[in-house]
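Remarks on the overall topology
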Amino acid sequence: MRKVWAVVRREFVERVRKKSFWVMALLGPVFFAAIFLLPLLMSTGGGVKRLVVVDRTTTTLGALVAARLDSSQRFFVVGRVPGGPGVEDSLAREVGVKRIDGFLVLSDALTASGHAEYRASNVSSLEDVGLLRETLGRLAERARLERAGVDPAMVARAQIRVSLDTKKITGGRTTEESAGQSFSLAYFMMLILYISLLLYGVQVMGSVIEEKTSRIIEVLVSSLRPFQLLLGKLLGVGAVSLVQFAIWGASGRLLLSQRAALVSRMGGADPEVGQVFQVPHVSGATALVFIAFFLGGFFLYSAMFAAVAATCSTEQEARQSQVPVTVLIMIAFFGSFATLANPESRLAVTLSLVPFTSPIATPARWAAGNLTALDVIASLALLIAGTVLVTWIAARIYRVGILMTGKRPNLKELVRWVRA
Amino acid sequence: MNRPLVVLDRVTKRFAGHTAVDALSLAVPSAVIFGLLGPNGAGKTTSIRMIMDIIAPDEGEVGLFGERGAGRDHSSRIGYLPEERGLYPRMRVLDVLVFLAEVKGVPRRAARSRALEWLDRLGLSDWRQRRVNELSKGMQQKVQFISTMLHDPDLVILDEPFSGLDPVNAQVMKDTVLDLRRRGKTILFSTHIMEQAEKLCDELCIIARGRKLVDGALSDIKRTHGGHHVVVGFDGSAGAAQQVFADRGLVKKVDDYGQYAELELAPGADAQQILQRLVGSGARLSRFELMEPSLNKIFIDLVGPEAARAAVQPDAEAARA
């Protein structure tokens, strides 16, 4: 056991000493910050459009629109001009020299047929166009109703917006989690699992290849059983991944707690805008499910990566041969992604029971739907059984493969190695 | 003879299509330098790998330290230098050494202090915090050699230890091997360079195509193989030497130049007896020299000219060493 421990320590220390580990450790929080802060910053800074309203209406509707838009966060109404020949051309020139961002042409058609025109240098901003459409629609609606003799107070009451609160039910209890939150939680867990399984699996593969190409493997297997070596390698790289998660988790938590302060310092936004991205609540149980399935998946896939590496003599060869393993992880990720909207479907249930896909599918379903503890335990039991079996096969391939050089074995030879 | 430390009992290893080692039996006594000799492809490395338990024999048994079972069970008592050297290229020298000692079962602290000692002894102290791939080839070889010795093994197995060494390092290697034997350690090394084996080995085994051709003490092998030659030089008077030369019981063949003669001894003849007879015959001798056949000649006679060609034309580096 002391020998295995020596291998664990070597894998761990050598990896944590590498720059790439700390780059990853830093990239995590930067990534989180980007996700949390960017929507806020984008919705506040830089987004205000300078607008001219060309008012050809014969009513007060044009003035009303201009005032309403000007009070929004997105538009600054530079002025309201009456329509006339050549006005639109000269305004287009103004847009050309960037004195204004665009202009809105209003006529009586707005109330009659619901038609208006917006010309701007950028008309692809969904939010800008959406806001314009909504503002114009509401005001035109009100104008029509009022013209038909409806009491303005009545109109105002009729136009009260619906705000739909979504709350997730877990285990029969209503939580404070919204639909958006559980979706984003499931999505981020899947993404992190997918990236980590690939990242650390490939690290195990690289480690096996390094020992093979540097020939140190011969000295190692004269002192250690190949299985001890493989075990030490998996535990060592696994420990590195847990440390990485701990760093990400701690920094994510810190960022969240400082979020309000960060946002206000970076330009001070309306707290309402902060809800663009809903921050998921990560419970202890969720963290536990995540770690358990990550570890199961890590051992399963890393053992396969190690077996692949053992059959290869060079890194290039390994990179080609790992494709089947990588594809399995991709199936797990995209399959889970496709069933995220419907976590109770038969496909989703299957994905979370098959050991190759469950490391990603089950945590995703846990976050998105509401799996019972029993579901999770069944899935985990299958995963553990699968991992033991796959590791056993992988270890047998590894044992023979690490001492082979030259031609890669074909399937028949691999079967013989496993049986031997 | 003391109890053998390494025993191979009719060990056979087949690879797809050919038999690398064929029913090889040998015994390495303790506290000797044992040479495993053979041309390239004779099965030396395969035999060593079976001793080390890196590969399992198809038939036969390996025993070490008087017990059954190959190298891994005894790995803390064996130092192994494989033919293909290798270290972790991106690790620091001291860390590699400590790690390799740890997997041999040496506690970390002891491993560290011993590694520092050895680095100091071989003049690598200043390099201990460097990465392995920053070292020259020769320095890397030294580091690897240190890793073989760190756990103070009783049995040291060196596969082609001199290949790739420059003359200075080959000298260091040779001195270390001799020093090990002086301290009662057993050294098993393989080589295809006979000159080295002849200078170093107490015992040896010559194999070719996986089979043993001869084994035993170097002196015995020399006595029993290739015959003995004696060179005789006369100082003026040859006396009745001709009569001695004519005794077919002693001399098989003679090449007489008058003042100088080369004799090939008859089977079983003793050179000391010839010397006595010559002195008794009244000949004045200026020279009486027993010419042992070189190991190289024995090897070539045994292995055959074809295999020998590979053996006498070792790679250029090894030849310089």
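Residues numbered from 1 in each chain as written. Chains lettered and ligands numbered in written order. Predicted model: local features only at pLDDT ≥ 70, side-chain atom pairs only at ≥ 80, totals over all residues. Heavy atoms only, no water.

1. Focus: the packing of aromatic side chains
A full pass over the atoms with the stated rule returns 16 aromatic pairs over all chains. Note on A:Phe298 and A:Phe299: the rings are 5.5 Å apart at their centroids and 65° apart in plane angle, and the pair reads as edge-to-face. Through successive ring pairs, a cluster of aromatic residues spans A:Tyr187, A:Phe188, A:Tyr194, A:Phe333, A:Phe334 and A:Phe337. Over the face of the ring belonging to B:Tyr88 we find A:Arg10, whose NZ or CZ atom lies 3.5 Å from the ring centre. Across from the ring centre of B:Phe65, 3.8 Å away, lies the NZ or CZ of B:Arg77, which sits over that ring. (Phe/Tyr/Trp six-rings, centres within 6.5 Å; stacked < 30°, edge-to-face > 60°. Lys NZ or Arg CZ within 6 Å of the ring centre and 35° of its normal.)

2. Quick word on the nonpolar core
Core analysis: the largest hydrophobic core is formed by 143 residues, its most contacted members being A:Ile360, A:Tyr398, B:Phe99 and B:Ile157. When sequence neighbours within four positions are dropped, the list of residues in contact with A:Tyr398 reads A:Val208, A:Glu211, A:Ile217, A:Pro226, A:Leu229, A:Leu230, A:Lys233, A:Ala306 and A:Ala310. Core analysis: the next-biggest nonpolar cluster, separate from the first, contains 17 residues, B:Phe234, B:Val244, B:Val251 and B:Leu278 among them. (Core = buried A, V, L, I, M, F, W, Y, C linked by side-chain atoms within 4.5 Å. Buried < 20%, exposed > 50% of the residue type's maximum accessible area, 1.4 Å probe, protein only. Contact = heavy atoms within 4.5 Å.)

3. A short note on empty space enclosed by the protein
Summed over all chains, the structure comprises three cavities of 30 Å³ or more. Volume-wise, the largest cavity comes out at about 110 Å³. Around the largest cavity, the lining residues are B:Leu122, B:Gly138, B:Gln141, B:Lys142, B:Phe145, B:Leu165, B:Asn169, B:Val172 and B:Met173. The set of elements that each furnish at least two residues to the lining of the largest cavity consists of helix H4 (137-149) and helix H5 (167-182) of chain B. In terms of residue count, H4(B) provides more of the lining of the largest cavity than any other element does, four residues in total. By residue class, the composition of the lining of the largest cavity is five nonpolar, three polar and one charged. Its volume calculated, the second largest cavity comes out at about 50 Å³. Those elements that place two or more of their residues in the lining of the second largest cavity are helix H9 (216-223) of chain A together with H4 of chain B. Here the residues of the lining of the second largest cavity sort into four nonpolar, four polar and one charged. (1 Å grid on protein atoms, 1.4 Å probe; cavity = no way out; pocket = protein on both sides within 12 Å on 5 of 7 lines; lining within 4 Å. Points joined across faces, edges and corners; volume = space filled by probe spheres on them. Helix = DSSP H or I, 4+ residues; strand = E, 2+ residues; numbered from the N terminus. Nonpolar A, V, L, I, M, F, W, Y, C, P; charged D, E, K, R; others polar.)

4. Comments concerning the state of the cysteines
All names here are of chain B. Enumeration over the complete set of coordinates arrives at zero disulfides over all chains. The thiol of Cys201 is not disulfide-bonded; the next cysteine sulfur, from Cys205, is found 11 Å away. A relative accessible area of 6% means that Cys201 is categorised as buried. (Disulfide = S-S within 2.5 Å.)

5. Regarding the interface of chain A and chain B
If you look at the interface, chain A gives 23 residues, while chain B gives 28 residues. Regarding the contact of chain A and chain B, the summed buried area is about 2,500 Å², with carbon and sulfur atoms giving 54% of it. Applying the counting rule to chain A against chain B returns five salt bridges. For the salt bridge of B:Arg90 with A:Glu210, the shortest nitrogen-to-oxygen distance reads 3.8 Å. (Buried area = accessible area lost by both parts, 1.4 Å probe. Salt bridge = Lys/Arg side-chain N within 4 Å of Asp/Glu carboxyl O.)

6. Observations regarding the sheet that holds strand S7 (residues 155-159) of chain B
Residue and element names in this part refer to chain B. Strands sit in the order S6-S7-S8-S3-S9-S10 across an open sheet of six strands; the sheet is mixed. Strands with a single pairing partner mark the edges of an open sheet, and in this sheet they are strand S6 (78-81) and strand S10 (211-217). With direction set aside, neighbouring strand axes in the sheet form an average angle of 10°. Sheet topology places strand S3 (residues 33-37) next to strand S8 (residues 186-191); five bridges connect them, and they run parallel. Within S8, the position partnered with Leu36 by the bridge is Ser190. Against the sheet, helix H10 (residues 295-303) engages S3, strand S9 (203-208) and S10, with an angle of about 35° to S9. (Pairing = 2+ DSSP bridges. Axes fitted to C-alpha atoms, helices over the stretch in contact; angles between N-to-C directions.)

Distances and angles like these do not, on their own, reveal function.
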